[in-house]
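The residues making up each chain are set out below.
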Amino acid sequence: MLPWYKNAVFYEVYVRAFCDSNGDGHGDLRGLITKLDYLQRLGVDCLWLLPVYASPLLDDGYDIADYYSIHLDYGTLDDFKELLAAAHQRGIRVIADLVLNHTSDQHPWFQASRRDRNSPYRDYYVWSDDDQKYADTRIIFLDTEKSNWTWMRRPVSFSSTVFMGASRT
């Protein structure tokens, strides 16, 4: 017998753009809940949620500030729990995009790595005393970024920023 996901119909959901339940111009978890019957009729077996975690949203939510919180534009942790329960009642599984290799400069791991060169979180990030390390690495967002490095005044070093729009000082 094949694992469930081999024959499942996945539906990727960028919650921010899906369904706005409160009229603020952004999709949210409650809006997604209201569309579960529709998604079930489409034959969806599994919702794949793009990041809904707390984030400054400089990189469409992939710059995560807190893995334990829901971004306020999307709702609350209770809304997320309600979404899970409602989806499961309809036989729809939910997977969340858990992007451990992207955190924002607001995440506690980054802040700890920034404060102390001996921090256990320091190796979670790429730091350098100059911007020539990995000089041949392509710049991913050429239209908005001139370098993969961002100068940090504290500590006095560069931090690799291979995701969009990091504002680090």
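Being a predicted model, the structure only gives us computed values, none of them experimental.

Draft legend 1. Representation of the pattern of salt bridges in the model. As enumerated under the stated definition, the model contains 4 salt bridges in all. Where R30 meets E82, a salt bridge forms, and the shortest distance between an N and an O atom there is 2.8 Å. Residue R30 is found in helix α1 (residues 29-34), and its partner E82 is found in helix α3 (residues 77-89); the two are separated by 52 residues along the sequence. The class for R30 is partly exposed, based on a relative accessible area of 35%. When salt bridges that share partners are traced, they join R30, D79 and E82 into one network.

Draft legend 2. Focus on a nonpolar patch on the surface. Residues W4, Y5, F10, W48 and I95 make up a contiguous nonpolar surface patch of about 450 Å² in total accessible area. On the secondary structure map, W4 appears in the segment before β1 (10-13).

Draft legend 3. The arrangement of the nonpolar core in detail. Among the nonpolar cores identified, the biggest contains 19 residues, and V15, L29, L32, L36, L47, L49 and L83 are the most heavily contacted of them. Among the elements of the structure, α1, α2 (36-41), β2 (46-49) and α3 are those that each provide at least two residues to this core. Excluding residues that lie within four positions of it along the chain, L83 makes contacts with L29, L32, I33, L36 and L49.

Parameters at a glance
Residues numbered from 1 in each chain as written. Predicted model: local features only at pLDDT ≥ 70, side-chain atom pairs only at ≥ 80, totals over all residues. Heavy atoms only, no water. Salt bridge = Lys/Arg side-chain N within 4 Å of Asp/Glu carboxyl O. Helix = DSSP H or I, 4+ residues; strand = E, 2+ residues; numbered from the N terminus. Buried < 20%, exposed > 50% of the residue type's maximum accessible area, 1.4 Å probe, protein only. Patch = residues over 30% accessible without salt bridge, like charges linked within 9 Å, V, L, I, M, F, W, Y side chains within 5 Å. Areas by Shrake-Rupley, 256 points an atom, 1.4 Å probe, with all protein chains shown as cover. Core = buried A, V, L, I, M, F, W, Y, C linked by side-chain atoms within 4.5 Å. Contact = heavy atoms within 4.5 Å.

No statement about biological role is implied by the geometric values presented.
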